[in-house]
Amino acid sequence: LNLYAVFIDFETMFKGYNLRPSCFKCRFKNENKIADLTLADCWGCENYVPELDDNKGLSMIIVHNQHGTDLFEKIQDKGVWKEFDYKNVLTYNSNYQTCHGPAEDRVEFYRLLGKHPEKAFKKYGSNPAKSISNRVKGRLSSVKNRILAQ
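Predicted model only: the values in this text are computed from it and were never measured. (Residues numbered from 1 in each chain as written. Predicted model: local features only at pLDDT ≥ 70, side-chain atom pairs only at ≥ 80, totals over all residues. Heavy atoms only, no water.)

So, the environment of Phe24
Position of Phe24 relative to the elements: it lies in the loop between α1 (10-14) and β1 (37-41). With 75 residues separating them in the primary sequence, Phe24 and Cys99 have C-alpha atoms 5.4 Å apart. (Helix = DSSP H or I, 4+ residues; strand = E, 2+ residues; numbered from the N terminus.)

So this is what it looks like as structure tokens:
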């Protein structure tokens, strides 16, 4: 049994540095999905399902066809869920249908990554202080939304 600790810098992913080239021209970014279900991050959930937003991450399941509906019905009692309008997916999760291009300096990122990974992520990725600040702001926003909903 081999165990590995892996650091994934999501900010470099969101900025288009460490995505695969195929992600920049994904053929599955359209409304006519071939999958039965799509699992995705529920971006913007604080705006349309604030009662489920604990600021720790919320996932969504998008059902595309009858087989997907049948599968969802088999698991829906295993968690807490709420149906919401599909327009929220399009409003808050642009990556669901839109391919974004690579970062302009992606080649430089990989050059630095090959020699000094820590420097690459520090220069192009997350700023730990900013990350903590964003988490605090997110938590406060969640508390504010719950107060206003009462």
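Overview of the packing of helix α5 (residues 106-115) against helix α6 (residues 117-124)
At a minimum axis distance of 6 Å, the contact between α5 and α6 shows a crossing angle of 145°. Each of Glu108, Phe109, Leu112, Leu113 and Lys115 in α5 lies in contact with α6, whose residues at this interface are Pro117, Lys119, Ala120, Phe121, Lys123 and Tyr124. Taken together, the residues of the contact of α5 with α6 sort by class into seven nonpolar, no polar and four charged. (Axes fitted to C-alpha atoms, helices over the stretch in contact; angles between N-to-C directions. Contact = heavy atoms within 4.5 Å. Nonpolar A, V, L, I, M, F, W, Y, C, P; charged D, E, K, R; others polar.)

A short note on the nonpolar core
Residues Ala40, Cys42, Cys45, Tyr48, Val49, Met60, Ile62, Val89 and Tyr96 constitute the largest nonpolar core, which totals nine residues. For this core, the secondary structure elements donating two or more residues are α2 (45-48) and β2 (59-63). Discounting chain neighbours no more than four positions away, the residues touching Tyr96 are Lys29, Lys33, Thr38, Ile62, His64, Tyr86, Val89 and Leu90. Core analysis: the second largest hydrophobic core is formed by six residues, Phe109, Ala120, Phe121 and Tyr124 among them. (Core = buried A, V, L, I, M, F, W, Y, C linked by side-chain atoms within 4.5 Å. Buried < 20%, exposed > 50% of the residue type's maximum accessible area, 1.4 Å probe, protein only.)

A word on unusual backbone geometry
One non-glycine residue, Asn55, adopts positive backbone phi at about 65°. Looking at Asn55, the relative accessible area reads 29%, which means it is partly exposed.

Section: the pattern of salt bridges
What the rule picks out here adds up to two salt bridges. Lys15 is paired through a salt bridge with Glu11; the nearest N and O atoms lie 3.0 Å apart. Note that Glu51 is salt-bridged to Lys82, the shortest N-O span being 2.8 Å. Note that Glu51 is positioned in the loop between α2 and β2 and Lys82 in the loop between α3 (66-75) and α4 (86-92), a separation of 31 residues in sequence. (Salt bridge = Lys/Arg side-chain N within 4 Å of Asp/Glu carboxyl O.)

Some words on the packing of aromatic side chains
All chains considered together, the criterion is met by ten aromatic pairs. With centroids separated by 5.1 Å and ring planes inclined at 40°, the aromatic side chains of Tyr17 and Phe109 adopt a geometry described as tilted. Taken together, the residues span a long stretch of sequence, with Tyr17 in the loop between α1 and β1 and Phe109 in helix α5 at a distance of 92 residues. The same class applies to Tyr17 as to Phe109, namely buried. When the centroid spacing of 6.2 Å and the interplanar angle of 80° are considered together, the rings of Tyr86 and Tyr96 count as edge-to-face. Of this pair, Tyr86 sits in helix α4 while Tyr96 sits in the loop between α4 and α5, placing them ten residues apart in sequence. With relative accessibility at 7%, the residue Tyr96 sits in the buried group. Put simply, the rings of Tyr17, Phe109, Tyr110, Phe121 and Tyr124 pair up and form one aromatic cluster. Here Lys33 stacks its cationic end above the ring of Tyr96, 4.3 Å away from the centre of that ring. (Phe/Tyr/Trp six-rings, centres within 6.5 Å; stacked < 30°, edge-to-face > 60°. Lys NZ or Arg CZ within 6 Å of the ring centre and 35° of its normal.)

Regarding the pairing of β1
Where burial is concerned, the two faces of β1 differ: the one with Thr38 and Ala40 is buried and the one with Leu37, Leu39 and Asp41 is not. As judged from the five bridges shared by β1 and β2, these two strands associate in the antiparallel manner. In the sheet register, Asp41 faces β2, and the bridge partner there is Ser59. (Pairing = 2+ DSSP bridges.)

Structural notes on the confidence of the model for the protein chain
Interpretation of this model should avoid reading the predicted coordinates in detail wherever pLDDT is low. When pLDDT is averaged along the protein chain, the result is 82; 82% of the residues meet or exceed 70. Looking over the protein chain, one finds the lowest element-wise mean pLDDT in helix α7 (residues 128-149), namely 64, and the highest in α3, namely 94. (pLDDT = per-residue confidence, 0-100.)

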